[in-house]
Protein chains: 2
Amino acid sequence: MVTVTASAPAKVILFGEHAVVYGKPALAGAIDRRVYVTARERSDRTVILRSEDMKTKEESLHLDGLGMVDTRGEFRYVKKALELAFDRAGSMTGIEIEIDSRVPPASGLGSSAAVSVSTLMAVLTLLGEEVSIEEVARLGHNVELAVQGAASPTDTATSAFGGILFIQPGMDSEMDRYDRITVADLPLVVGYTGIERSTKVLVDSVRVLRQRFQKIVDPIISDIGRITGEAKRMFETGDGEGIGQLMNINHGLLEALGVCNDRLSRLVYASRNAGARGAKLTGAGGGGCMIAYTPENQNDVADAITACGCNAFSAHISIEGVRVEKG
Amino acid sequence: MVTVTASAPAKVILFGEHAVVYGKPALAGAIDRRVYVTARERSDRTVILRSEDMKTKEESLHLDGLGMVDTRGEFRYVKKALELAFDRAGSMTGIEIEIDSRVPPASGLGSSAAVSVSTLMAVLTLLGEEVSIEEVARLGHNVELAVQGAASPTDTATSAFGGILFIQPGMDSEMDRYDRITVADLPLVVGYTGIERSTKVLVDSVRVLRQRFQKIVDPIISDIGRITGEAKRMFETGDGEGIGQLMNINHGLLEALGVCNDRLSRLVYASRNAGARGAKLTGAGGGGCMIAYTPENQNDVADAITACGCNAFSAHISIEGVRVEKG
């Protein structure tokens, strides 16, 4: 029986979260924390899903049950990815899927995108299909759309392509545009508040604030877009000091949009005081993670975050996106 | 021998600090923490200055020594105010000045302005002069100009007039404009970080940031100006909820300008979490004070700030500015 393992990286939003909802560009980076998905062919028509990270460690179902709508179960992304992979291949098989994730869930690091993308890659490879990364990215986005109802393609694209992506959201019916940015290195420390949060709730809160104070909030959103554009130029010219300062300004503007909180703010200040060049919340805010840019003092910054009672890990940009590990 | 006591209130910047340096409007409020200055005529030509709050509790000098340049001594504001009062009156007298301040110094609450304004009022009254509040405000500004080299007239105007002032800085040679805003009440809690800071250093840091990122920083400054204008309208319509939200947005923009710090941020979040409608740093930042708008939960908010190891006191807008207490 064939066995294939594929992996895909988690991501952080470097610049532009929330503003991207209003058509401004964003910069996202794949990081070297990966989700590993192993797919094992079975001789019967059973699907077995397994993950040590989930409350339900294992779920098994019949192949025919795959298409059932499931927008709440813990394995919903895996099941939808399996279904779309079988559709794409035009064949199906009993299968065992084992997920080994190094990414905390619901932390804003795109674990569901990494799970979706790596499941698609593992299963399609197991079925003997040749797929491009573009296609895996597109299918991955379809998984998130089907499960969540609405989803930005940013997470799945970053997880599939790797590296740093400059995302320019498409207006109206236009497609989003992704430009790959080449960076020598971007040493980060990621601090996790331990607070799970809902992206939807936070996006809604910005919408409500904007409804009330549009003339004040719109310039903040535009300014975040300007920061992202400037950061892209600084990545290209290798201006690390500028990158750090822009992260700090971007963080303040996210504060102004009301998506920061006490814990995030503490980690941001602890990081800066421990020698980070810049620090900001990453993703939706309200909990989840922050990132510190640490070309030096990486251990000091991680220690300072840990001293606040939160988890920290060092991260680098993962140039490689989704890949087949073996099989 | 005649004795006169005058007092003048401290102030908080409600909206618009830093942006006011770039020609945007600001809103300042006099608060019910006052500096009391008692002037006692003496029969000799000695000047005695006394204050329990200063390291040098007492200083005495000869009347003729008053005009000596002194930009560092602890009583420099008092001496310059005395000098300008004697000039204005066209007469001088031996005098004993006793200062009783309820305002922490170098905390951004305008204690030097309150000292200057109340000294002027006490001494001019003692000398039998009739002075308008406008004139005391102008002379008070001259005291700060002489001592500091440069000074905004905001602190001295707010301390002299009381209430809430909408300050529109004058362009080029124009004079600044002050509009008095009528507000029923504005219950605040003031949290003091205990960190003394230099306004000049912080104003300089914003200038440097703007030099580097003018296209990003200028929209932030403009947006703070917009917030101040909107806050003025909300004071006029009594929209307390809106005022709180605008304080939060304003605070985020000050974060973006880099003038917040760890301690201020903690007090701001502690206040919001304890039920303040809004909270922000006030004044130059980098230490000094923050304010929380607390139409309810005033004690909870003060307790939350105290639990962070900082001092808190409740404050209301002082409708009265400088006044003669007795004499």
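In what follows, the accompanying structure is described. (Residues numbered from 1 in each chain as written. Chains lettered and ligands numbered in written order. Predicted model: local features only at pLDDT ≥ 70, side-chain atom pairs only at ≥ 80, totals over all residues. Heavy atoms only, no water.)

With that out of the way, let us pick up the sheet that holds strand S9 (residues 278-282) of chain A. All names here are of chain A. The sheet built from four strands is open, its strands ordered S9-S10-S8-S11 with antiparallel pairing. With one partner strand each, in any of the chains shown, S9 and strand S11 (311-315) form the two edges of the open sheet. Across this sheet, the average inter-strand angle for adjacent strands is 25 degrees, counted without regard to direction. Both strand S8 (residues 188-192) and strand S10 (residues 289-293) contribute to a ladder of five bridges, which runs antiparallel. By the bridge assignment for S10, Val 190 is matched with Ile 291. On top of the sheet, helix H7 (residues 240-256) reaches S9 and S10; it is set at about 45 degrees to S9, its chief contact. (Pairing = 2+ DSSP bridges. Helix = DSSP H or I, 4+ residues; strand = E, 2+ residues; numbered from the N terminus. Axes fitted to C-alpha atoms, helices over the stretch in contact; angles between N-to-C directions. Contact = heavy atoms within 4.5 Å.)

Glancing now at the pattern of salt bridges. All names here are of chain A. Under the definition given, this model contains 56 salt bridges over all chains. Among the salt bridges present, the one from Arg 88 reaches Glu 129, with a minimum N-O distance of 2.7 Å. Residue Arg 88 is found in helix H1 (residues 76-89), and its partner Glu 129 is found in the loop between helix H2 (111-126) and helix H3 (133-148); the two are separated by 41 residues along the sequence. The network of salt bridges with common partners includes Arg 40, Arg 42, Asp 44, Arg 50, Glu 58, Glu 96 and Glu 98. (Salt bridge = Lys/Arg side-chain N within 4 Å of Asp/Glu carboxyl O.)

This part is about the sheet that holds strand S10 (residues 289-293) of chain B. All names here are of chain B. Spatially, four strands are ordered S9-S10-S8-S11 in an open sheet, and the strand pairing comes out antiparallel. Single-partner strands in this sheet number two, and they are strand S9 (278-282) and strand S11 (311-315). Neighbour to neighbour, the strand axes of the sheet diverge by 25 degrees on average, direction disregarded. Against the sheet, helix H7 (residues 240-256) touches S9 and S10, its axis set at about 45 degrees to S9.

Turning next to the interface of chain B and chain A. Listed per partner, the contact involves 31 residues of chain B and 31 residues of chain A. There are two salt bridges connecting chain B and chain A. At the surface where chain B touches chain A, the tally comes to seven residue pairs in polar contact (both at pLDDT 80 or more). Elements represented by at least two residues in the side of chain B that touches chain A include exactly helix H5 (199-212), helix H6 (214-237), H7 and helix H8 (262-273) of chain B. (Polar contact = N/O pair within 3.5 Å; in protein donor to acceptor, adjacent residues only side chain to side chain.)

Between the two chain copies there is a screw-like relation: a rotation about an axis and a shift along it. Of the two same-sequence chains, chain B is brought onto chain A (RMSD 0.0 Å, axial shift 0.0 Å) by a rotation of 180 degrees. Between the two chains, the operation in question is that of a two-fold axis. Nearest to the rotation axis, the C-alpha of B:Gly252 is located 2.5 Å from it, this being the minimum over chain B. (Least-squares fit on C-alpha atoms with pLDDT ≥ 70 in both.)

What follows concerns the environment of B:Ala114. All names here are of chain B. Structurally, the position occupied by Ala 114 is in helix H2 (residues 111-126). Once the C-alpha coordinates of Ala 114 and Pro 9 are considered, the two residues, 105 residues apart in sequence, prove to be 5.9 Å apart. When residues no more than four places from it in sequence are discounted, the contact partners of Ala 114 are Ala 8, Pro 9, Ala 10, Val 35 and Ser 159.

What follows deals with unusual backbone geometry. Generally, phi is negative for residues other than glycine and the peptide bonds are trans, each holding for most cases. The phi dihedral of A:His18 is positive, around 70 degrees, even though this residue is not glycine. Take A:His18: it is sitting in the loop between strand S1 (3-15) and strand S2 (26-41). Looking at A:His18, the relative accessible area reads 5%, which means it is buried. If you check the backbone angles, B:Asn297 has positive phi at about 60 degrees while not being a glycine. Here B:Asn297 shows up in the loop between S10 and helix H9 (298-307). We classify B:Asn297 as partly exposed; its relative accessible area is 34%. (Buried < 20%, exposed > 50% of the residue type's maximum accessible area, 1.4 Å probe, protein only.)

Glancing now at the side chain of B:Thr282. All names here are of chain B. Summarising the element assignment, Thr 282 is placed in strand S9. Taking relative accessible area as the criterion, Thr 282 reaches 0% and is therefore assigned buried. In terms of polar contacts, Thr 282 uses its side chain to reach the backbone carbonyl oxygen of Ile 13, at 2.7 Å.

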